[in-house]
Amino acid sequence: MRETKAPATDRGRATRERILQAAAELVAEKGAAGMSLDDVRARTGASRSQLYHYFEDRDDLVRTVIDVATNAVIDVQGDLLQHLDSWTGIDRWFDALVQLQVDRQARGGCPIGSLVGQLAERDPGARAAIAAGLERWEAHLRDGLVRMKALGKLRHDADPSALATATMASIQGGLLLTQVRRDACQLRIALDAARANLRFNASTRRKQRRDIK
């Protein structure tokens with residue numbers, strides 16, 4: 001299998017970005033299975049040779065779309081992900097996730113998670129890309145919880161990795177229910193449960209009591 005080439009010029013980068021944007025739109029409109037290279041060509045005006053210059057095949061393009069979706073999910077959370085080493089930071093993050101669903105009128109769900117049903121069982125490479133995307137997101141919380149434990153804000157027996165995974169499960173489940181019920185309160189309920197689980201693991205040391213209020 002040959003390697004695809006990275007764009008060497010501004011024009012090439014613009015073409016590749018246009019192809020990716022079109023592919024992402026088509027996946028959102030038709031689903032991953034319904035998106036074809038011919039659809040992408042029709043929408044972008046790109047030639048077949050251009051498509052194969054930047055992407056190995058259709059599956060490679062879909063996997064790159066997954067990476068783009070992951071970047072978008074992480075970027076929209078901004079600096080909030082850098083401050084998940086305090087209860088205040090976690091609360092602000094949760095509040096921002098709910099507000100985002102309010103702003104979107106509870107539509108769309110998770111751009112990463114929504115691809116699982118479409119791709120995970122038919123494309124091992126896509127499944128791995130989705131798993132990697134969720135791992136990138138989850139790692140921000142895990143790293144924050146590791147720092148909290150080192151600072152004595154979590155119990156000595158708390159497991160940052162398990163807590164981060166449980167929280168991600170709450171986020172994904174909350175986003176799914178929010179999407180199907182068109183109700184951002186579903187995510188709020190899921191995150192309140194996640195918050196209770198995290199707080200259960202808070203340190204009870206006297207010097208930390210002010211921080212866990």
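Residues numbered from 1 in each chain as written. Predicted model: local features only at pLDDT ≥ 70, side-chain atom pairs only at ≥ 80, totals over all residues. Heavy atoms only, no water.

A. Spatial organisation of the overall build of the chain. Along its length, the chain carries 9 helices and 0 strands. Each helix (α) and strand (β) of the chain, taken in turn from the N terminus, gives the series α-α-α-α-α-α-α-α-α. Its C-alpha atoms give the chain principal-axis dimensions of roughly 65 × 35 × 30 Å. Counting all 213 residues of the chain, 42% fall into the buried class. Partitioning the contacts of the chain with sequence separation of at least 6, the portion at a separation of at least 24 is 68%. (Helix = DSSP H or I, 4+ residues; strand = E, 2+ residues; numbered from the N terminus. Buried < 20%, exposed > 50% of the residue type's maximum accessible area, 1.4 Å probe, protein only. Contact = heavy atoms within 4.5 Å.)

B. Up close: the environment of S114. Within the fold, S114 resides in the loop between helix 5 (87-103) and helix 6 (116-119). Spatially, the C-alpha atom of S114 lies 8.4 Å from that of L176, the residues being 62 residues apart in sequence. From its side chain, S114 meets the backbone oxygen of P111 in a polar contact 3.3 Å long. (Polar contact = N/O pair within 3.5 Å; in protein donor to acceptor, adjacent residues only side chain to side chain.)

C. View of helix 2 (residues 37-44). Taken residue by residue, helix 2 has L37, D39, V40 and T44 as its buried positions. Taken end-on, helix 2 shows its buried residues confined to a sector of 155°, consistent with a single buried face. Buried residues along helix 2 sit in contact with helix 1 (10-30), helix 3 (48-54) and helix 4 (58-77). Remark: G45 follows helix 2 within two positions and exhibits a positive phi of approximately 80°. (Arc of directions from axis to C-beta.)

D. Main features of the environment of L84. Among the structural elements, L84 can be located in the loop between helix 4 and helix 5. The spatial distance from the C-alpha of L84 to the C-alpha of L97 is 13 Å, given a sequence separation of 13 residues. With residues near it in sequence (within four places) discarded, L84 still touches G89, I90, W93, H140, L141, G144, L145 and M148.

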